[in-house]
Amino acid sequence: ILALVSAVRPQDDAVLANLAIGRIRRGRDAEAEADLARARLLWRSDPDVLESLLRAFMMLGRRTDALEAWARLHRSDPDRAMSLRPLLADEAAAPE
């Protein structure tokens, strides 16, 4: 599935964020970084996307980027952002 989705070069930040998480879980961090870079160009305030970006950034140890995603999430869905705040304290943020 990852290869199929990759082949179409998705232009949707939700797809890119979730694709990045899948790649991180498979040890394909460099490809995940490329997906996240493209997703950041499309930033939306959709809470699902922002949560996925937050998780992906933390999985890669990119805390500053995760904080930016969290701040955006907090503006669009404060309760959800607060429920995810403990993730920001977890430097390892191991995949689920």
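What counts as what
- Residues numbered from 1 in each chain as written.
- Predicted model: local features only at pLDDT ≥ 70, side-chain atom pairs only at ≥ 80, totals over all residues.
- Heavy atoms only, no water.
- Helix = DSSP H or I, 4+ residues; strand = E, 2+ residues; numbered from the N terminus.
- Buried < 20%, exposed > 50% of the residue type's maximum accessible area, 1.4 Å probe, protein only.
- Contact = heavy atoms within 4.5 Å.
- Areas by Shrake-Rupley, 256 points an atom, 1.4 Å probe, with all protein chains shown as cover.
- Expected span 1.5 Å × (residues − 1).

S.K.: What should I look at first to understand the overall build of the protein in this one?
M.R.: Scanning the protein from N- to C-terminus turns up six helices and zero strands. The secondary structure elements of the protein, listed N-terminal to C-terminal, are α-α-α-α-α-α. Relative to its 96 residues, the protein shows a buried fraction of 40%. Within the protein, counting contacts between residues at least 6 apart in sequence, those at least 24 apart form 54% of the total. When the accessible surface of the protein is summed, it comes to about 5,300 Å², and 54% of that surface belongs to carbon and sulfur atoms.

S.K.: Looking at this structure, how should I read the environment of D65?
M.R.: With respect to the helices, strands and loops of the structure, D65 is situated in helix 5 (residues 63–76). Here the alpha-carbon distance between D65 and R40, two residues 25 residues apart in the chain, equals 9.6 Å. Once residues within four sequence positions are removed from consideration, D65 is found in contact with R40 and F57.

S.K.: I would appreciate a short explanation of helix 3 (residues 29–41) in the present structure.
M.R.: An α-helix turns once per 3.6 residues; consequently, residues spaced three or four apart project the same way. The first and last C-alpha atoms of helix 3 sit 19 Å apart over 13 residues, in line with the 18 Å expected at 1.5 Å per residue. Packed against the buried residues of helix 3 are helix 2 (13–25) and helix 4 (47–59).

Read these as layout, nothing more, since geometry by itself doesn't imply function.
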